[in-house]
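Structural characterization, general
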Amino acid sequence: MIRSSEFTKKLLALMLPITFQQFMSALVSASDALMLGALSQNSMSAVSLAGQVIFVENLFLAAVTIGLSMFASQYWGKHDFASIENVFAYSMKVTLIVSVVFFLGGLCIPDIIISLFTNDPILISLGAVYLRTVSAAFLLTGISQIFLCILKNCGKAAKSGIISSACVVINIILNAVLIFGLFGFPKMGAAGAALATVIARLIEVIWCVLETANNGHVKLCIKKIAARDKEMRSDFWKYTTPVLGNEIVWGIGFTMYSVIMGHLDSDAVAANAVANIVKNLVACFCLGLGSGSGIMVGNELGAGRFSVAKEYGGKLCRLSIMCGAVSGLILLMLIPSVLMVTDLSPQADTYLKGMLVMCSYYLVGKSVNSTTIAGIFCAGGDSKFGFLCDTVTIWCVTVPLGLIAAFVFHLPVPAVYFVINLDEIIKLPAVYLHYKKYQWVKNLTVREN
């Protein structure tokens with residue numbers, strides 16, 4: 001039996017910095033929406049749609065960082081620092097390739113990309129300006145996310161949180177200066193928000209490089225990035241490919257939700273943008289629990305302490321239910337304040353209120369699934385379940401039903417939003433049954449014959 005004090009100490013040491021980091025990152029989107037909303041509802045909506053491209057890139061980055069976390073957390077538990085450096089270098093190579101593709105797309109064809117999300121010419125024009133300006137951040141974000149992931153998995157979760165949070169503060173300050181033209185700077189609007197993001201990401205990359213080079217156990221070796229390690233590549237993609245499939249299936253499905261809302265009316269786009277921001281802010285504690293769960297369980301599995309890993313898993317699952325319920329209640333209490341600070345049309349306000357109520361119960365499912373699918377299951381390399389689960393729930397249920405509700409039956413906006421937010425709830429029975437099979441109890445550092 002593990003002592004409750006030991007479990008709590010480990011969890012808080014990981015979860016609190018990661019939660020704060022998640023919250024601060026979500027705060028950037030909130031500040032963008034609040035400041036741009038003060039200029040115009042169209043500016044806020046356009047940047048929200050452009051943000052879907054950032055969201056899609058983050059799907060690929062999430063797959064790579066989850067794959068990196070699988071191995072790094074277990075190798076850290078085993079104290080095998082050389083192997084961590086190998087997977088660190090390989091992950092960086094993959095991320096650079098992905099980031100360059102998104103950088104070139106945002107720079108060269110931003111109007112074509114934005115037109116995939118809306119047919120409103122004003123939103124396309126404003127969104128293209130933002131996307132072209134922010135394109136350099138696609139490259140920088142990829143680099144910084146790999147560094148931050150290594151720090152979290154190698155005993156420096158607090159430092160990772162400090163770096164990310166400080167850069168968020170810089171981003172928010174620059175947002176105000178460049179969006180509104182403070183202190184003699186030109187008033188740039190949406191382009192200013194994009195430039196602020198680029199500058200903050202550049203600072204983040206430089207800080208991460210300096211931190212890992214400063215007396216750390218794990219460093220990025222340039223020679224290893226160029227090296228061809230067949231064993232590492234084979235192991236990495238064996239477990240990361242299902243994660244990538246899962247992220248793509250879930251992410252494109254989630255993007256389809258924005259496409260559906262984007263083709264209803266501008267009030268629906270604005271309300272959906274604000275609802276997603278509020279939901280993401282409140283969900284930070286749930287996501288922090290999920291990330292911390294993966295690292296904690298991975299450390300124990302890598303060290304060969306399977307019984308402890310299973311006991312941790314049970315405690316973390318129970319905590320995830322409580323965390324989701326509390327987060328949902330907090331969101332409900334925030335509804336009056338959100339409606340007060342957002343400057344939306346009366347119709348968009350009505351949509352937003354209903355959407356936030358629906359988000360409250362959505363958070364319970366999100367909390368449980370983040371802890372189990374993205375945390376505990378992936379910690380032991382059990383990544384195929386998430387891919388299959390999301391493929392069925394999103395592409396066989398919520399996306400088809402959402403399209404039918406919006407464009408065949410022409411249901412009201414709140415009804416469409418209800419349908420496309422059922423995915424996390426639908427998964428829960430299957431997630432519970434899969435957890436009890438304990439296929440995730442596996443040491444990835446021991447090569448199978």
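Refer to the structure above for everything that follows.
Residues numbered from 1 in each chain as written. Predicted model: local features only at pLDDT ≥ 70, side-chain atom pairs only at ≥ 80, totals over all residues. Heavy atoms only, no water.

1. Structural notes on the side chain of Thr19
Our working rule: Strands here are runs of E lasting at least two residues and helices are runs of H or I lasting at least four, both read from the DSSP assignment and numbered beginning at the N terminus. Any two residues whose heavy atoms approach within 4.5 Å at even a single point are treated as in contact.
Relative to the helices and strands, Thr19 is located in helix H1 (residues 4-39). Excluding residues within four positions of it along the chain, Thr19 makes contact with Cys284, Phe285, Gly288 and Leu289.

2. Some remarks on the side chain of Ser327
Applied cut-off: Burial classes: relative accessible area under 20% of the type maximum marks a residue as buried, over 50% as exposed, and values in between as partly exposed (1.4 Å probe, protein chains only).
Here Ser327 shows up in helix H12 (residues 306-341). Given a relative accessible area of 4%, Ser327 falls into the buried group. Contact partners of Ser327, with chain neighbours within four places excluded, come to Val282, Cys286 and Leu363.

3. Here's the deal with the environment of Phe60
Relative to the helices and strands, Phe60 resides in helix H2 (residues 41-78). Taking the C-alpha atoms as reference, Phe60 lies 9.4 Å from Gly245; in sequence the two are 185 residues apart.

4. What about the pattern of salt bridges?
Which entries qualify depends on this criterion: Just to be clear on terms, a salt bridge is a Lys or Arg side-chain nitrogen sitting within 4 Å of an Asp or Glu carboxyl oxygen.
Counted by the stated rule, this structure contains ten salt bridges. Glu300 serves as the salt-bridge partner of Arg305, at 2.6 Å between the closest nitrogen and oxygen. In this structure, Lys366 engages Glu424 in a salt bridge whose closest nitrogen and oxygen atoms are separated by 3.8 Å. In this pair, Lys366 sits in helix H13 (residues 346-379) while Glu424 sits in helix H16 (residues 423-435), placing the two residues 58 residues apart along the sequence. Counted as one network, the salt bridges with shared partners bring together Glu6, Lys10, Glu300 and Arg305.

5. A few points about the environment of Lys442
Residue position: Lys442 is located in the segment after H16. By relative accessible area, which is 25% here, Lys442 ends up partly exposed. Considering only alpha carbons, one finds Lys442 and Gly381, 61 residues apart in sequence, at a separation of 7.1 Å.

6. Notes on the environment of Thr255
Looking at where Thr255 falls in the secondary structure, it is placed in helix H9 (residues 230-262). Placed 138 residues apart in sequence, Thr255 and Phe117 show a C-alpha to C-alpha distance of 8.6 Å. When residues no more than four places from it in sequence are discounted, the contact partners of Thr255 are Gln52, Phe55, Val56 and Phe117.

7. Quick notes on the packing of aromatic side chains
How we decide: Classification of ring pairs rests on two measures: the distance between centres of Phe, Tyr or Trp rings, Trp counted by its six-membered ring, which must be within 6.5 Å, and the angle between planes, read as stacked under 30 degrees, edge-to-face over 60 and tilted in between. Here, over-ring charges are defined by two tests on the NZ atom of lysine or the CZ atom of arginine: distance to the ring centre within 6 Å, and angle to the ring normal within 35 degrees.
Taken as a whole, this structure holds 13 aromatic pairs when the rule is applied. A connected cluster of aromatic rings, assembled from ring pairs, spans Phe60, Phe102 and Phe138. Above the plane of the ring of Tyr362 lies Lys279, whose end atom (NZ or CZ) is 4.3 Å from the centre. One Lys or Arg, Lys315, reaches over the ring of Phe7 and ends 5.5 Å from the middle of that ring.

8. Looking at the packing of helix H11 (residues 284-302) against H12
We apply this condition: Fitted lines through C-alpha atoms serve as axes, helices being fitted only where they are in contact, and the angles separating the N-to-C directions of these axes extend from 0 to 180 degrees. In these notes the angle categories are as follows: under 35 degrees is roughly parallel, over 145 is roughly antiparallel, 65 to 115 is roughly perpendicular, and the rest is oblique. Classes in brief: Ala, Val, Leu, Ile, Met, Phe, Trp, Tyr, Cys and Pro nonpolar; Asp, Glu, Lys and Arg charged; the others, Gly included, polar.
Packing of H11 against H12 leaves a shortest axis separation of 9 Å and a crossing angle of 180°. Taken together, the axes of H11 and H12 lie roughly antiparallel to each other. Every residue of H12 that contacts H11 at Phe285, Cys286, Leu289, Ser293, Met296, Val297, Glu300 and Leu301 is listed here: Phe306, Val308, Ala309, Tyr312, Leu316, Leu319, Ser320, Cys323, Gly324 and Ser327. Tallied by class, residues from the contact of H11 with H12 come to 13 nonpolar, four polar and one charged.

9. Overview of a nonpolar patch on the surface
Convention followed: Patch membership is restricted to residues that have no salt bridge and whose relative accessible area is over 30%. Joining uses 9 Å for like charges and 5 Å for the nonpolar side chains Val, Leu, Ile, Met, Phe, Trp and Tyr. For the area figures, the Shrake-Rupley method with a 1.4 Å probe applies, and any residue is considered shielded solely by the protein chains shown.
Residues Met322, Val326, Leu329, Ile330, Leu332, Met333, Leu334 and Val357 make up a contiguous nonpolar surface patch of about 710 Å² in total accessible area. Looking at the nonpolar patch, the element that brings in the most residues is H12, giving seven residues. As for its position among the elements, Val357 is in helix H13. Among the residues examined, Val357 registers a relative accessible area of 38% and is labelled partly exposed.

10. Thoughts on the state of the cysteines
This is how it is decided: Here, two cysteine sulfur atoms that lie within 2.5 Å of each other are counted as a disulfide.
In this structure the tally under the stated criterion is zero disulfides. Not part of a disulfide, Cys389 finds its nearest cysteine sulfur in Cys396, a span of 11 Å. Exposure remark for Cys389: the relative accessible area of 8% places this residue in the buried category.

No statement about biological role is implied by the geometric values presented.
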